[in-house]
Amino acid sequence: MNPQRAVVGISLLLLIVLVLVVPACTSKSTAPSLVERGKYLVMAGGCDDCHSPKIFTPAGPIPDTTR
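All values derive from a computational prediction rather than experimental measurement.

Draft legend 1. Representation of helix α2 (residues 31-45) within the structure. The end-to-end C-alpha distance of α2 is 21 Å, a good match for the 21 Å that 15 residues give at a rise of 1.5 Å each. Across the 15 residues that make up α2, only a small minority, zero, are buried.

Here it is in structure tokens:
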């Protein structure tokens with residue numbers, strides 16, 4: 001692996017952590033607001049598209065809200 005590419009990848013990962021994780025940890029948020037922030041991050045990032053179980057319906061797959 002190209003060392004320059006590895007440095008860029010690690011730098012990008014650290015930037016993502018700083019932007020997304022640190023503000024959530026340092027703010028004096030209450031539990032419900034942290035849950036809302038998590039919901040926002042999942043929806044904005046599209047994480048639930050692949051990382052949520054689905055129920056297959058005639059209209060197509062929908063998230064399984066029971067799990």
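Draft legend 2. Looking closely at a nonpolar patch on the surface. Taken together, L12, L13, L15, I16, V17, L18, V19, L20 and V21 make up a surface patch of nonpolar side chains, about 780 Å² in accessible area. You can see I16 is positioned in helix α1 (residues 3-26).

Draft legend 3. Expanded view of the environment of I62. Tracing the sequence through the fold places I62 in strand β2 (residues 60-63). Residue classification places I62 among the partly exposed residues on the basis of a relative accessible area of 40%. For the pair formed by I62 and S52, sequence separation is 10 residues and the distance between their alpha carbons is 9.5 Å. Apart from the residues lying within four places of it in its own chain, the contact partners of I62 are P53, K54, I55 and T57.

Reading the values: the criteria
- Residues numbered from 1 in each chain as written.
- Predicted model: local features only at pLDDT ≥ 70, side-chain atom pairs only at ≥ 80, totals over all residues.
- Heavy atoms only, no water.
- Helix = DSSP H or I, 4+ residues; strand = E, 2+ residues; numbered from the N terminus.
- Expected span 1.5 Å × (residues − 1).
- Buried < 20%, exposed > 50% of the residue type's maximum accessible area, 1.4 Å probe, protein only.
- Patch = residues over 30% accessible without salt bridge, like charges linked within 9 Å, V, L, I, M, F, W, Y side chains within 5 Å.
- Areas by Shrake-Rupley, 256 points an atom, 1.4 Å probe, with all protein chains shown as cover.
- Salt bridge = Lys/Arg side-chain N within 4 Å of Asp/Glu carboxyl O.
- Contact = heavy atoms within 4.5 Å.

What is shown is where atoms sit, not what they do.
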